[in-house]
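# Inside the fold
The lines below spell out each chain.
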Amino acid sequence: MAIKNLIIRGLVLAFVVVGLFQAISSHGSRKRIIQILASSNEVEVMQSVYKNNETTPQTVVGQSDAEEHHRQDSDLMLARDKMESSISTPTSPILSSRPLCTREQIRQGTWMPKQYDKLPYLPRQLDIKTCYAEADLHKPWNSYEWQPRDASSCELTQWDSNLFCTLAQNQTVFIMGDSLSLEHYSALVHILGVTGFYDEEAYVKGDAKQKFVFYVCPHNTTRLVFFRQDYLFPKTAKKQLDKESYATDIEPDIVVFNRGAWYAADDALAKRVIQLGPLLHQWQERCRTRQNITKHSMYAATGGMASCIFIWRTTVPGVPNCTDFSKPATNLEEMEQWTQNVSHYIGNSFRWHWYDFAHQNQFLLNEIFPKEWPAALDYHVMDAYEINLLRPDDKISRAGKKVDCFHNCAPSSTTLLYNQLLLHIMRQNYQQQQQQMSAITL
């Protein structure tokens with residue numbers, strides 16, 4: 001089947017290139033075709049065969065039309081070669097030469113000092129708080145990176161925007177949760193450069209609801225969607241997972257949920273999360289049906305390589321008296337004891353129940369997911385709890401004039417790690433797909 005698809009796509013590509021050469025001859029059109037082919041977007045190429053381009057020709061002094069056509073033909077051939085290479089089966093770094101770190105290997109890690117050449121970004125969208133100034137963009141950034149304790153025997157995927165954009169081409173990545181999920185989303189939007197546009201019609205604010213849609217990556221076909229939901233109500237989740245809520249009639253392909261750091265008692269939390277299971281399973285089945293159809297179409301190369309992934313991000317507590325810390329912690333048990341010590345809470349901060357989050361994370365992971373969710377639902381866990389609790393020094397974002405000891409200061413190595421883990425899971429998913437296809441071929 002894989003060989004058959006490659007043959008079909010090769011014939012389609014040949015048709016496109018021949019049609020482009022024969023049907024269009026103006027300078028402007030040929031230049032536009034070169035740009036289109038260089039973008040490696042087959043759908044745009046196919047559409048452009050039938051679309052006139054009225055760009056004003058730009059002539060070169062002393063150069064004949066024949067010479068100009070010959071030069072453009074050479075450029076077009078190079079662009080075509082680039083397109084052909086871009087739609088072949090991806091190799092390293094998508095496919096790892098070493099085993100990719102498992103969830104357990106990743107969560108058993110530590111924060112190590114690292115100096116970066118500069119800040120990765122300054123938040124310019126989404127009203128995210130920062131502790132840095134414009135001048136800091138041009139200075140070295142002294143921060144930390146997460147290192148699995150078993151790093152010598154496995155690979156933790158490093159952040160690579162090009163790799164993310166390859167895996168997420170023509171995909172919708174949907175993140176839903178509270179303000180910490182918004183921090184995760186904002187970091188992803190900013191490190192990808194916001195090369196696309198912000199869909200203002202998708203923005204809703206009121207009753208603690210926010211929805212954002214950004215198009216990112218050089219090919220501009222990756223949609224990043226965020227919906228604010230502090231308590232993760234099933235009714236709201238169902239609407240957001242359904243294509244009916246998207247003006248473009250597109251359902252999400254990669255979903256990241258978090259229940260929010262707004263406390264609910266175990267029974268209320270369990271009731272809501274149990275109802276999420278069938279909704280997520282239905283979405284995943286619809287997604288896989290769509291991907292199976294796409295896989296057999298002539299535009300298979302424009303589809304993303306990591307799709308129908310559901311990720312549950314564990315809930316992160318604040319750290320009381322976080323200003324007592326100036327560097328990452330190294331002992332998770334000690335940090336849990338610190339968080340559960342009621343004497344560390346001042347004023348009404350005790351009402352957030354940060355001391356209950358460790359128990360509730362395990363309650364969901366060990367009791368609800370395996371026993372109450374559909375067995376056919378595939379899901380991944382992003383262990384933000386351990387990673388974040390070991391960074392009390394990073395919770396220095398301010399709510400008004402006070403440090404709230406809950407939100408991270410953007411850019412934050414913690415929220416950047418969330419997206420590194422997102423890419424790692426996408427890469428694992430793709431590698432698993434390749435292994436399954438190889439097994440079928442054999």
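Preceding this section is the structure that the text describes.
Residues numbered from 1 in each chain as written. Predicted model: local features only at pLDDT ≥ 70, side-chain atom pairs only at ≥ 80, totals over all residues. Heavy atoms only, no water.

## Some details on the overall build of the protein chain
Rule in force here: The helix and strand labels rest on DSSP assignments: H or I over at least four residues marks a helix, E over at least two residues marks a strand, and numbering proceeds from the N terminus. A 1.4 Å probe rolled over the protein chains alone gives each residue an accessible area, and that area as a share of the maximum for its type sets the label: buried under 20%, exposed over 50%, partly exposed in between. By the convention used here, residues are in contact when the closest approach between their heavy atoms is within 4.5 Å. Using a 1.4 Å probe, the Shrake-Rupley method yields the accessible areas, and only the shown protein chains count as cover for residues.
Tallying secondary structure elements over the protein chain gives 13 helices and 11 strands in all. Scored against the burial criterion, the 442 residues of the protein chain give a buried share of 51%. Sequence separation of at least 24 residues holds for 78% of the intrachain contacts in the protein chain that already meet a minimum separation of 6. Of the accessible surface of the protein chain, which amounts to about 21,600 Å², a share of 53% is contributed by carbon and sulfur atoms.

## Things to note about the state of the cysteines
Applicable threshold: Two cysteine sulfur atoms make up a disulfide if the distance between them is within 2.5 Å.
With the rule as written, the count across this model stands at 5 disulfides. The partner cysteine of C101 in its disulfide is C154, sulfur to sulfur 2.0 Å. Measuring handedness by torsion sign, the sulfur bridge of C101 and C154 sits at about 85 degrees and is right-handed. Of this pair, C101 sits in the loop between α4 (65-86) and α5 (103-107) while C154 sits in the loop between β2 (141-148) and α6 (161-167); the two residues are 53 residues apart in sequence, bridging distant segments of the chain. With respect to class, C101 is no different from C154; both count as buried. Paired by a disulfide, C131 and C409 hold their sulfur atoms 2.0 Å apart. Separated by 278 residues along the polypeptide, C131 in the loop between β1 (109-116) and β2 and C409 in the loop between β11 (402-403) and α13 (413-441) bring together distant segments of the chain.

## With respect to the packing of aromatic side chains
The condition is simple: Here the aromatic set is Phe, Tyr and Trp, taking the six-membered ring for Trp, and pairing holds for ring centres within 6.5 Å; pairs whose planes are under 30 degrees apart are stacked, those over 60 apart are edge-to-face, and all others are tilted. For a ring to carry a charge above it, either NZ of a lysine or CZ of an arginine must fall within 6 Å of the ring centroid while also lying within 35 degrees of the normal to the ring plane.
The final tally for this structure, using the stated rule, is 20 aromatic pairs. With a centroid separation of 6.1 Å and 50 degrees between ring planes, the pair formed by Y345 and W354 is classed as tilted. Exposure class is identical for Y345 and W354. Each is buried. Ring geometry for F369 and W373: centres 4.0 Å apart, planes at 15 degrees, overall stacked. Each member of the pair, F369 together with W373, is buried. Ring pairs connect the aromatic residues F174, F257, F310, W312, F369, W373 and Y379, which therefore count as one cluster. The ring centre of F357 lies 5.6 Å from the NZ or CZ of R259, which sits over that ring. Taking NZ or CZ as reference, R351 lies 4.2 Å from the ring centre of W352, over its face.

## Considering the pattern of salt bridges
Note on pairing: side chains with opposite charge can pair once their charged atoms come close. Selection criterion: Counted as salt bridges are all cases of a side-chain nitrogen of Lys or Arg within 4 Å of a carboxyl oxygen of Asp or Glu.
According to the stated counting rule, one finds 16 salt bridges in the structure shown. Between E155 and R427 there is a salt bridge, and its shortest N-O distance comes to 2.9 Å. Here R427 lies in helix α13 and E155 lies in the loop between β2 and α6, a separation of 272 residues in the sequence. By the burial criterion, E155 is buried, and R427 matches it. Here E285 ties to R288 by a salt bridge, and the two come within 3.7 Å at their closest N and O atoms. Taken as a pair, E285 and R288 lie in helix α9 (residues 266-295) at a separation of 3 residues, close to a single helical turn. Its relative accessible area of 35% is what places E285 among the partly exposed residues. With relative accessibility at 28%, the residue R288 sits in the partly exposed group. If you follow the salt bridges from partner to partner, you end up with R103, E104, R107, D383 and E386 in one network.

## Considerations on the nonpolar core
Basically, it comes down to this: Definition of nonpolar core: a set of buried residues of the types Ala, Val, Leu, Ile, Met, Phe, Trp, Tyr and Cys, connected through side-chain atoms within 4.5 Å.
W146, F164, Y185, L192, L224, L422 and M426 are the most contacted members of the largest nonpolar core, which has 68 residues in total. Here this core takes 9 residues from α13, the largest share from any one element.

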